[in-house]
Amino acid sequence: MTPVPLRATSIRNLNLLLKTAPRFVQNQFRQQSTTSSVNPEEVSHFNALASTWWDPHGSSRLLHLMNPLRHDFIRTCHASQPDAPPTTGLKYLDIGCGGGIFAESAARLHSAGSVTAIDPSPEVLAIAKGHARKDPGLKDKLTYRNTSIEGLPIPTSPAEQYDIVSIFEVVEHITHPAEFLDKCTPFVKPGGWIVMSTIARTWMSWLTTKVVAEDLVGIVPRGTHDWEKYINEEELRGHFLRERGWNSPRVMGVVYVPGLGWKEVSGSERVGNYFFGIRKDF
Amino acid sequence: MNPMAQALRSRQLGVYVCTACSRQLRRQRRSYAATAAKTPDIYDVVCIGGGPAGLSLLAALRSSPATSNLKVALIESQDLSKTRDFTLPKTEFSNRCSSLTPSSVSFLDSIGAWKLVKQERVQPYQEMQVWDGVSGARIEFDWPAEGKGKTIAFMNENLNLTSGLLKRVEELGDVEVFDKQRVADIGLGEETEEGDLRGWPIVKLDGGREVVARLLVGADGVNSPVRQFAGIGSKGWDYGRYGVVATLELEGSGWGGEDLKTAYQRFLPTGPVAMLPMPGNYSTLVWSTTPELAAVLKSLSPKDFIAMVNAAFRLSPTDLAFLHTQTEGQADEVAWRTQHTDFDASRIPQQVIGVQEGSVASFPLKLRHADTYIGERVALVGDAAHTIHPLAGQGLNQGQGDVESLVKTIEYAVTHGQDIGVQMSLESYNAERYAANNMMLGVCDKIHKLYAVESGPLVPLRSLGLRAVNALGPLKQFFMSQASGTGAKIL
């Protein structure tokens, strides 16, 4: 199936979008494909953004502001375990690390043993590597690799797997998310977590991320998001729980409040940005 | 375990990576020892200035579980052993005292420093008497019956505070102290194979030592070299006034005795004169006046100086102006004029009978406010960020408020993996403190200017203002709560 060339921001196409999008995404979620999870158009879009990735007042400011909540969310996942999580030596795999906002911050935590961070865009990864050099404390703990998930050897033992596999603000940029997630799951250690964040596909998220953030306010560069690729929490939950081997799904909805930053708002996962985490069975 | 407690525990355990970075640099130094003996040490926090703000920052960072793993250093030009060993007989007090609000004291207590401050040298006060020297309009800050005896603030010698803070820092340990060393230069690092330190401040000490800072904190006073290094401007003006300080002995321990002490402040056209209670029969003086009059006061014999202080709380501005023109003989003149002036003795301080030898000193009064408190890998606290008119006794408390806020910001950054030096991590500190301090600076500045007027329509207006405040209980309580730092935050 070829994606319908929608321009979500064009009023002319709004009607078409509203009619076709939900079914389109459902189909896509079931679809199987043998190609890479990476969408070349997405890669070139982020290549173009690379230079402003670490500008705190640039186009990635919202990501910088959101980053602390990622750690808060991982803490709540760990806190929900019946067994105590390790306090040191945690292994992280950050998929689609971009400029390394999360990867750097994870490597700075005392509880982190090592962080492997991958991204398919060479320009973005060059920015990430260059930025990490500005903090000598990261050198021993953080490794960047310019690859997609398909390029990493699939682990054959728990020792090669990761305590936390993070996929932040990535699945909404992936053409075949179900297939992509299936490629990520072998990297999670038994008892480890896969954590991700994305945007629910609702009229509200279309309005806030496409119309307001990209077109009206310009806080997010135009073309960053494809609303029709957004995924709802129940779709993610269903995907993992359908296959055996996963338990304790957790969700946290967050809302950006101008002037206050990102705030956790219970129930907002049904409306816009949210975190999703699920634990692999032992 | 309940999830909240567990979340909290894991947060406290989330400590900073930087032991690794310093270890790595030490390794590097070892391998290049022959050629690069001068490779500087990297610290997470380097604080320049070992005054109340700087020492409290270090004590707070070392006592918080989230930040106690940070590698920290203090640079101070003075010999800190003199501060540590501060001791004076019970009948003597240092002339540099500050009023500590209950919120400053509770912060100092939370970082474990207050217990190391000599409590027998601290004087809480429960009431304030403030009046207009021109019109006589008065506001009495005494608590309503149910709050009687509640402490408005604590008078304390600055040295007693810094001594207690330094003892706390030493008790906690693991702070690299470079004292008796001046900062020769502050520059930026270089890019080497090991990493890119072009954005990292390097402090060069005049002893030749170099330290690299992930975060450089300027607690280095009004002329802050750190602020200048960061290119942060500072705006403000000099008041053209000097603060004359002295340690005074009174005829008694105050009208309310040892347990009910009062702070007095009278607004004179030349500036406010304040007498603040110290333990026993002692008080400390802060008299803001013109540089010329300050010079006259400092030149007087103890007998005439005492007479002038008594006159400042009793005689009319006209009488005072005349007395200032005399080079000597104030004592007799004041005694004669006091007989012919009406005042209610119970609402002014008791008679001063002595002045501690060598305690009369003066310093210029200024208002300064830095354009921002943060830069890339730089934060300013205390006088480096702001200097205030002493009339409300807020200067040192603002510094403690800065430190409390900065440490909270650093804790958050550490537990969320942020680089504590980058401006993005420091934004919340600037946002929290800048507006609050700016308002306090503005209020004190306006009060000073309002009372500098000797005649004209402003005088009855401001008297009306004071009388109205005095008559309105809730409004007065609001002012008192603000002064004691227990009230609702205005911003």
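Residues numbered from 1 in each chain as written. Chains lettered and ligands numbered in written order. Predicted model: local features only at pLDDT ≥ 70, side-chain atom pairs only at ≥ 80, totals over all residues. Heavy atoms only, no water.

J.: Even after reading the chapter, I still don't get the overall build of chain B, so can you show me in this structure?
T.: When you go through chain B residue by residue, the secondary structure sums to 15 helices and 22 strands. A separation of at least 24 residues holds for 76% of the contacts in chain B among residues at least 6 apart in sequence. Put simply, chain B shows about 20300 Å² of open surface, and 54% of that area lies on carbon and sulfur atoms. (Helix = DSSP H or I, 4+ residues; strand = E, 2+ residues; numbered from the N terminus. Contact = heavy atoms within 4.5 Å. Areas by Shrake-Rupley, 256 points an atom, 1.4 Å probe, with all protein chains shown as cover.)

J.: Explain helix α8 (residues 233-242) of chain A to me, please; I cannot follow it from the model alone.
T.: All buried positions along α8(A) are accounted for by A:Glu233, A:Glu235, A:Leu236, A:His239 and A:Phe240. Down the axis of α8(A), the buried set is contained in an arc of 170 degrees. They therefore lie on one face. (Buried < 20%, exposed > 50% of the residue type's maximum accessible area, 1.4 Å probe, protein only. Arc of directions from axis to C-beta.)

J.: What am I meant to see in unusual backbone geometry here?
T.: Among all residues except glycine, the phi angle is most often negative; among peptide bonds, the trans geometry is most common. All names here are of chain B. For aspartate 174, which is not a glycine, the phi torsion comes out positive at approximately 60 degrees. Residue classification places aspartate 174 among the exposed residues on the basis of a relative accessible area of 65%. You will see that arginine 377, though not glycine, has its phi angle at about 60 degrees, which is positive. Structurally, arginine 377 can be placed in the loop between β20 (374-375) and β21 (378-380).

J.: I keep staring at the pairing of strand β5 (residues 188-199) of chain A and nothing clicks. Help me out?
T.: Successive residues of a regular strand alternate their side chains across the two faces of the sheet. Residues and elements named next belong to chain A. Within β5, 10 of the 12 residues are buried, which leaves the element mostly enclosed by the surrounding structure. Two strands pair when backbone bridges link them, and strand β4 (residues 162-168) and β5 are joined in this way by 6 bridges, in the parallel orientation. Bridge pairing links serine 166 to valine 195 in β5. Two strands pair when backbone bridges link them, and β5 and strand β8 (residues 273-280) are joined in this way by 7 bridges, in the antiparallel orientation. By the bridge assignment, isoleucine 194 is partnered in β8 with isoleucine 278. (Pairing = 2+ DSSP bridges.)

J.: Sorry if this is basic, but what is going on with the UniProt feature "binding site: S-adenosyl-L-methionine" (unreviewed entry) in chain A here?
T.: Residue and element names in this part refer to chain A. In the UniProt entry, the feature "binding site: S-adenosyl-L-methionine" (unreviewed entry) is given for Arg70, Gly96, Asp119 and Phe168. Considering the arrangement of structural elements, one finds glycine 96 in the loop between β1 (90-95) and α4 (101-108). Look past the residues within four positions of glycine 96 in its chain and what remains in contact with it is Ile118, Asp119, Phe168 and Val170. (UniProt positions renumbered as here; feature names shortened; annotations may be inferred.)

J.: So what exactly am I meant to see when it comes to the domain arrangement of chain B here?
T.: Buried accessible area, meaning the area lost when the parts come together, often serves as the stated size of an interface. All names here are of chain B. As assigned here, chain B comprises domain 1 (3-87 + 161-233 + 371-444) and domain 2 (121-155 + 239-364 + 450-484). Taken together, the contact between domain 1 and domain 2 spans 5 residues of the former and 7 residues of the latter. Together domain 1 and domain 2 conceal approximately 560 Å² of surface at their shared face, both sides included; 63% is due to carbon and sulfur atoms. Three residues, His389, Pro390 and Leu391, lead the burial of domain 1 against domain 2; their summed loss comes to 68% of the area buried on that side. On the surface where domain 1 and domain 2 come into contact, there are 0 salt bridges. If you look at where domain 1 meets domain 2, you find 0 residue pairs in polar contact (both at pLDDT 80 or more). (Domains from an automatic or database assignment. Buried area = accessible area lost by both parts, 1.4 Å probe. Salt bridge = Lys/Arg side-chain N within 4 Å of Asp/Glu carboxyl O. Polar contact = N/O pair within 3.5 Å; in protein donor to acceptor, adjacent residues only side chain to side chain.)

J.: How should I be thinking about the nonpolar core in this particular structure?
T.: Soluble globular proteins tend to pack their nonpolar side chains together in the buried interior. Core analysis: the biggest nonpolar cluster contains 64 residues, and B:Leu57 and B:Leu406 have the highest contact counts within it. Sequence-distant contacts of B:Leu406, defined by excluding residues within four places in its chain, comprise B:Leu57, B:Val217, B:Ala379, B:Val381, B:Leu426 and B:Tyr429. Ranked by size, the runner-up nonpolar core spans 32 residues in total, among them A:Met66, A:Phe102, A:Ala117 and A:Ala128. (Core = buried A, V, L, I, M, F, W, Y, C linked by side-chain atoms within 4.5 Å.)

J.: Explanation requested: the UniProt feature "binding site: Mg(2+)" (unreviewed entry) in chain A in the structure shown.
T.: All names here are of chain A. According to UniProt, the "binding site: Mg(2+)" (unreviewed entry) feature falls on Glu169, Glu172 and His173. By secondary structure assignment, the location of glutamate 169 is in the loop between β4 and α6 (177-184). With residues near it in sequence (within four places) discarded, glutamate 169 still touches Leu63, Met66, Arg70, Ser197, Thr198 and Asn273. Here the side chain of glutamate 169 touches serine 197 through a polar contact of 2.5 Å, side chain to side chain. By the element assignment, glutamate 172 lies in the loop between β4 and α6.

J.: For this particular structure, what's the right way to read the packing of helix α9 (residues 302-312) of chain B against helix α10 (residues 317-324) of chain B?
T.: Relative orientation and spacing of two packed helices are given, respectively, by the angle between their axes and the distance between those axes. Residues and elements named next belong to chain B. Put simply, α9 and α10 touch, their axes get as near as 10 Å, and they point 160 degrees apart. Our classification of the angle between α9 and α10 gives roughly antiparallel. Note on packing geometry: the crossing formed by α9 with α10 is left-handed. Facing Met308, Ala311 and Ala312 of α9, the residues of α10 in contact are Leu320, Leu323 and His324. Of the residues belonging to the contact of α9 with α10, the class tally is 5 nonpolar, 1 polar and no charged. (Axes fitted to C-alpha atoms, helices over the stretch in contact; angles between N-to-C directions. Parallel < 35°, antiparallel > 145°, perpendicular 65-115°, else oblique. Left-handed = near helix turned anticlockwise from the far one by under 90°. Nonpolar A, V, L, I, M, F, W, Y, C, P; charged D, E, K, R; others polar.)

J.: Can you help me understand the packing of α6(A) against α8(A) in this one?
T.: Residues and elements named next belong to chain A. Relative to each other, α6 and α8 sit at 50 degrees, their axes nearing to 11 Å. Our classification of the angle between α6 and α8 gives oblique. The hand of the α6/α8 crossing is right-handed. On the side of α6, the interface is formed by Ala178, Leu181 and Asp182, while α8 contributes Leu236, His239 and Phe240.

J.: Before we go on, may I ask you to explain the side chain of A:Ser111 in this structure?
T.: Residue placement: A:Ser111 occurs in the loop between α4 and β2 (112-118). When neighbours within four sequence positions are excluded, A:Ser111 is seen to be in contact with A:Thr87, A:Thr88, A:Gly89 and A:Leu90.

J.: Teacher, can you tell me more about helix α3 (residues 61-79) of chain A here?
T.: It helps to recall that an α-helix has 3.6 residues per turn; residues three or four apart then point in one direction. Residues and elements named next belong to chain A. In this model, α3 (19 residues) spans 29 Å end to end at C-alpha, consistent with the 27 Å of a helix rising 1.5 Å per residue. Of all the bends in α3, the greatest reaches close to 30 degrees and is centred on asparagine 67; the proline proline 68 follows between one and four positions later. For α3, the tally of buried residues reaches 15 of 19 residues, placing the bulk of the element in the interior. (Expected span 1.5 Å × (residues − 1). Bend = angle between axes of the 7 residues up to and from the residue.)

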